[in-house]
Amino acid sequence: MRKTTTLALIATGLVALGCGAGSTDEGTDTKADAGGAKGDDKPKTAKIGQPARDGKFEFTVKSSKCGVAKVGTSMLGDKAQGQFCLITINVKNIGKEPQTLDGSSQKAYTADGTEYSSDTEAGLYANKEQSTFFEEINPGNQVTGVFVFDIPKDVKLAKLELHDSMFSGGVTVSLT
């Protein structure tokens, strides 16, 4: 019994260490992550059309369209439980190494703070030419894709929280 408890504690410790392994990014600060440089008076929250940085990625939200019932074609597609919000985002790798864009790490929020996750299956159908689920982007390169959120019909999104990885702090982009 003691051996099992000891092994469980060791495994838990290793998982905890692994979860924190990629959580810091040297050379970035809060203002730089929001699209500004040190000493800039730029707000920490970006707006549609403004670049916003988190870690090795620079995100620029191009557009937001809600009220979509289905994505894909008549033969292959996905139907919304409520409504789809299609958010077109340009993502540029500003780092010095390849970085994987994880669509499932992106979050959307309402004004009251309700969180919605990206619908990666619907995202596959919405992106005919570009994937946003697990797309590796080399330094200096960029991709533009549609991130899909399935939200109730009577809900309006207020902001996005975009991440360069599941462990990053993220950057906020206002949709209002």
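Residues numbered from 1 in each chain as written. Predicted model: local features only at pLDDT ≥ 70, side-chain atom pairs only at ≥ 80, totals over all residues. Heavy atoms only, no water.

*Asks:* Help me out: how do you make sense of the nonpolar core in this one?
*Replies:* Across soluble globular proteins, nonpolar side chains have a tendency to be buried as a group. If you look at the biggest cluster of nonpolar residues, it comprises 24 residues, and the most contacted ones within it are Ile 89, Phe 149 and Leu 160. For this core, the secondary structure elements donating two or more residues are strand E3 (57-72), strand E4 (77-93), strand E9 (142-151), strand E10 (157-162) and strand E11 (171-174). Among the nonpolar cores identified, the runner-up in size contains eight residues, and Ala 80, Leu 86, Val 146 and Val 148 belong to it. (Core = buried A, V, L, I, M, F, W, Y, C linked by side-chain atoms within 4.5 Å. Buried < 20%, exposed > 50% of the residue type's maximum accessible area, 1.4 Å probe, protein only. Helix = DSSP H or I, 4+ residues; strand = E, 2+ residues; numbered from the N terminus.)

*Asks:* It is not clear to me how the packing of aromatic side chains should be interpreted in this structure. Could you clarify?
*Replies:* Aromatic ring pairs are described here by two measures, namely the spacing of the ring centres and the angle between the planes. Throughout the structure, instances matching the rule amount to one aromatic pair. A centroid spacing of 5.9 Å and a plane angle of 80 degrees characterise the contact between Phe 57 and Phe 59, whose relative ring orientation is edge-to-face. Phe 59 gets classed as buried once you look at its relative accessible area, which sits at 1%. A cation over a ring is seen here: Lys 159 above Tyr 109, with NZ or CZ 5.4 Å from the ring centre. (Phe/Tyr/Trp six-rings, centres within 6.5 Å; stacked < 30°, edge-to-face > 60°. Lys NZ or Arg CZ within 6 Å of the ring centre and 35° of its normal.)

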